[in-house]
Amino acid sequence: MRRRFTDEGLRQMGNFLRACREAKGLSVHKLSEQTKEYEAHFYEGLGEPLPKVLGVSIAAISRIENGNLNKPAPDILWVLLDVLKPEHPTENRTLTLEDLLLIGTEAWNPNIGI
């Protein structure tokens, strides 16, 4: 099994995340705002100080959705998953970070078998 992102895998992951965002009726701008709000509530709930940078920027979301971010950081992908809550196409569960990594490495295509 591949352990590195591929260009095609990154495009597939980006297309999948874009489809999830659009299915929720969110613009890139609104998704960025929701990621900031989510992280603020998350850290406040833990009683921890807020990080210097909250959420996922509009530019980062665009780069991920277009497959132009070679090594998307796990913390960014996690926040997107927490906000979008994408459903697995065949199983009754929310996608995990591992699922996104499998898409990005072409080990799994979420569009096959739907």
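Predicted model only: the values in this text are computed from it and were never measured.

A.B. asks: Tell me about the packing of helix H2 (residues 28-46) against helix H3 (residues 58-65), and name the residues and values.
C.D. replies: In the contact formed by H2 and H3, the axes pass within 9 Å of each other and the chain directions differ by 115 degrees. In the packing of H2 onto H3, the handedness of the crossing is right-handed. Touching Val28, His29, Leu31 and Ser32 of H2 are Ile58, Ile61, Ser62 and Glu65, all from H3. Broken down by class, the residue content of the contact of H2 with H3 amounts to four nonpolar, three polar and one charged.

A.B. asks: Pulling in residues and values, what's your account of the confidence of the model for the protein?
C.D. replies: On average, residues of the protein carry a pLDDT of 93, and 96% of them reach 70 or more. No element of the protein has a lower mean pLDDT than helix H5 (residues 97-104), which averages 95, and none a higher one than H3, which averages 98.

A.B. asks: Provide a residue-level description of the packing of aromatic side chains, including the pertinent values.
C.D. replies: Summed over the entire model, instances satisfying the criterion amount to two aromatic pairs. Both rings, one in Tyr38 and one in Phe42, keep their centres 6.1 Å apart while their planes meet at 25 degrees; by these two values the pair is stacked. A residue pair is termed a helical-turn pair when its members lie 3 or 4 positions apart in one helix, as Tyr38 and Phe42 do in helix H2 at four residues. An angle of 90 degrees between the planes, with centres 5.3 Å apart, marks the rings of Phe42 and Tyr43 as edge-to-face.

Parameters at a glance
- Residue positions within a chain follow its written sequence, with the count starting from 1.
- Local features in a predicted model are, by the rule used here, given only for residues with pLDDT of at least 70; side-chain atom pairs are given and counted only at 80 or more, and totals for whole chains, interfaces and linings are based on all residues.
- Processing note: side-chain calculations cover all non-hydrogen atoms of the structure and skip hydrogens and water entirely.
- Note on geometry: axes are C-alpha line fits, over the in-contact stretch for helices, and angles between N-to-C directions span 0 to 180 degrees.
- Secondary structure elements follow DSSP: runs of H or I of four or more residues count as helices, runs of E of two or more count as strands, with numbering from the N terminus.
- Definitions for this section: a left-handed crossing has its near helix turned counterclockwise from the far helix by less than a right angle. A right-handed crossing has that turn clockwise.
- Throughout, a residue-residue contact means that at least one pair of heavy atoms, one from each residue, lies within 4.5 Å.
- Put simply, Ala, Val, Leu, Ile, Met, Phe, Trp, Tyr, Cys and Pro go in the nonpolar bin, Asp, Glu, Lys and Arg in the charged bin, and everything else, Gly too, in the polar bin.
- Per residue, pLDDT measures the predictor's confidence, with a range of 0 to 100.
- Here the aromatic set is Phe, Tyr and Trp, taking the six-membered ring for Trp, and pairing holds for ring centres within 6.5 Å; pairs whose planes are under 30 degrees apart are stacked, those over 60 apart are edge-to-face, and all others are tilted.

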